[in-house]
Amino acid sequence: MTTRRAAWREGSAGGWDDDLVWYAAGMHRMRALTPGLDDFFEHLRTLLTGVGTSSDPVGDMIAIARQWEDPMSLGYQSQVHGTFAPKAAWPSTALWQECAHNHWFFLPWHRAYLLEFEAVVREHIRQLDGPADDWALPYWNYSDHAADPRRLGLPVPLRGDTLPDGVEVPGVEPLADGSFPNPLFIPVRLGPDEPAPGDSVAWASATRALLRPHYANQQDTARVSFGGGVIEDPTNAAQWHGESPEIGQLDMQPHGSVHNQVSGAMALFQTAGLDPAFWLHHCNVDRLWETYAHDLGHGYPFRNGVGTGTAAHASWIDRQFRFRRPDGSTGTWTAPKLLDVGALGYTYETTAPPPLPAVPPPPPPGSGEDPFGLGEPVPVPVAEAGPLSLVGEQDVVVSGGEPADQGMGVDAFPAAARWLLRFEGIRSTRPAPTSYEVFLGLEPGADAAPEDDGHYVGLLSLFGVYEASRDDGTSSGSGQRRRLDVTAQVSAQAGDLRPLATSVRLRPVNPGRDLAGAQMSIDRITLEFG
């Protein structure tokens, strides 16, 4: 049994604890087996910023990535998550482009991916005569920042292109100037190492995800789920790779918002696994699943008998996750095999949740809400806006009905209604460099703050939007969709809000980045009740 420990921990000298030193040692060997990595990063920089010598950065990255055939390499492992390369250009035995996003398999698939990656790093550590059997991936505990604001920053070992004095990483040789390269640093991150005073830190919050009442939605309901929409046909490749009906709250925030915050390689499915931050981030996402399932008492799908025997149940138990291993064999997982982390051989030093508001008790076994939200009403749109471009902060008027009806208050709708904001057709022409804070019902010019629970709805994370916007045959080009639960905000504003004539404020988390260059847009925003 191994223990995954926090990257930010008490008493660690400079952050370079043994597990991070050996992580760097394994990463150094994996990078050495990845030909053309430095050139790949330069082409990626061109794609991200529009500045560089390459006229076809995606094509240039494909030409390099097709060489990454060794499963012991970082390049190969990154392409398991996503690749720009068409299948005809893959190494003959590669299992690439397997990642699951925007649906209920997001969490179990990434748990399997972490286990397979961890095994590769262990093998590298073993070849260095290191503590392979005891080593485990650390996790970046940004979601626990209320206890220590330092945790919002990248873990110290990921910063700086050379190792600090006194830190020795097995296998790393000195450069010509006598310094030692840092295997955990990559040169294309856009985010700062730590937030500046006054910067939004909403990207790091897991609160809204952990308060979701059920794991997945089996249909389009008026509740947002923790894990995402059910896929009854797991052979549907378009849905598997992100065009499913619902993205879960955890997938959106903090998962997607951390990808946007770090940016660089982390901004794309096809390159995220090249950043050592990716694996520490996903370790924390996996830990938050344990928090939700165990500490908060929600359990796992089908464990309480609800939904067994359905098409969804068949999908959950039958869909295989396949990984090519360094010995040439294929590792095969299913979601039910991934639910007991103890049986998988690891634990976390803590899965205690961050401070939360009062949490309603989990529904009793067999209820309609646990784990699928069955029987929930289908939401009905009452007001809309769009299309619109996303650049800086803006107030968007959301309206509906006849002018004579727009004075109706919240009391004109069913008292027990759930309220949603839905965003459809979110697109970009370059990887989105930011998430957006979303507020409902603010007056023009009024201050906006995530601490204002009466107006602040949550984050609109744009991770994956670029991939769903490309018109080169790799996607439908229709962009992505998002949903945010605004029931609490509608209730808080019940005396003043006019649902048929209100506003949505969109404020970028990273206003200093090149937002205009990404040409981000939304086709339609709707306010809905059910």
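Here we summarise the structure given alongside this text.

Cut-offs used in this document
Residues numbered from 1 in each chain as written. Predicted model: local features only at pLDDT ≥ 70, side-chain atom pairs only at ≥ 80, totals over all residues. Heavy atoms only, no water. Helix = DSSP H or I, 4+ residues; strand = E, 2+ residues; numbered from the N terminus. Rg over C-alpha atoms; globule rule 2.2 N^0.38 Å. Buried < 20%, exposed > 50% of the residue type's maximum accessible area, 1.4 Å probe, protein only. Contact = heavy atoms within 4.5 Å. Areas by Shrake-Rupley, 256 points an atom, 1.4 Å probe, with all protein chains shown as cover. Salt bridge = Lys/Arg side-chain N within 4 Å of Asp/Glu carboxyl O. Expected span 1.5 Å × (residues − 1). Polar contact = N/O pair within 3.5 Å; in protein donor to acceptor, adjacent residues only side chain to side chain. Core = buried A, V, L, I, M, F, W, Y, C linked by side-chain atoms within 4.5 Å.

As for the overall build of the protein
- In terms of regular secondary structure, the protein is built from 13 helices and 15 strands.
- Relative to the 2.2 N^0.38 estimate, which gives 24 Å for 530 residues, the radius of gyration of the protein is 23 Å and therefore close to what a compact globule would have.
- Taken along its principal axes, the extent of the C-alpha atoms in the protein is 75 × 50 × 50 Å.
- Buried positions account for 60% of the 530 residues belonging to the protein.
- A fraction of 76% describes how many contacts in the protein between residues 6 or more apart in sequence connect residues 24 or more apart.
- About 19700 Å² of surface is accessible on the protein, with carbon and sulfur atoms providing 50% of the total.

Describing the pattern of salt bridges
- According to the stated counting rule, one finds 29 salt bridges in the structure shown.
- In this structure, the salt-bridge partner of arginine 9 is aspartate 19, at a minimum N-O distance of 2.7 Å. A residue pair is termed long-range when its members are at least 10 positions apart, and arginine 9 in the loop between strand 1 (2-4) and helix 1 (18-32) and aspartate 19 in helix 1 qualify at ten residues. Of the two residues examined, arginine 9 and aspartate 19, each falls in the buried class.
- Here the residues in one salt-bridge network are Arg4, Arg111, Glu118, Arg122, Asp286 and Glu290, joined through shared partners.

Observations regarding the environment of threonine 207
- Considering the arrangement of structural elements, one finds threonine 207 in helix 6 (residues 207-210).
- Ignoring sequence-local partners within four residues, the contact set of threonine 207 consists of Pro355, Leu356 and Pro357.

Structural notes on helix 2 (residues 37-49)
- Helix length check: helix 2 (13 residues) gives 18 Å between terminal C-alpha atoms against 18 Å at 1.5 Å per residue, within 8%.
- Residues Leu37, Phe40, Phe41, His43, Leu44, Thr46, Leu47 and Leu48 constitute the buried set of helix 2.
- Those residues of helix 2 that are buried are in contact with helix 1 and helix 3 (57-65).
- Where helix 2 ends, the next residue or the one after it, glycine 50, has phi of about 75°, a positive value.

Points about the side chain of threonine 221
- Locating threonine 221 in the fold gives a position in the loop between strand 2 (216-217) and strand 3 (228-229).
- On the basis of relative accessible area, threonine 221 is assigned to the buried category, the value being 0%.
- A polar side-chain atom of threonine 221 sits 3.1 Å from the main-chain amide nitrogen of arginine 223.

Side note on unusual backbone geometry
- Here the bond from glutamine 253 into proline 254 is cis, since omega is 15°, no more than 30 degrees from zero.
- One can find proline 254 in helix 8 (residues 249-262).
- In this chain, glycine 386 is followed by proline 387 through a cis amide linkage whose omega measures 0°.
- Relative to the assigned elements, proline 387 resides in the loop between strand 7 (380-385) and strand 8 (388-390).

Overview of the nonpolar core
- Core analysis: the largest hydrophobic core is formed by 120 residues, its most contacted members being Tyr23, Trp104, Trp279 and Phe321.
- Element by element, the count of residues in this core is highest for helix 5 (residues 106-127), at eleven residues.
- The contacts of tryptophan 279, once residues within four sequence positions are left out, are Tyr23, Met27, Leu74, Tyr113, Leu114, Phe117, Leu137 and Gly273.
- One finds Ala383, Leu462, Leu484 and Leu497 within the second-largest nonpolar core, a separate group that totals 38 residues.

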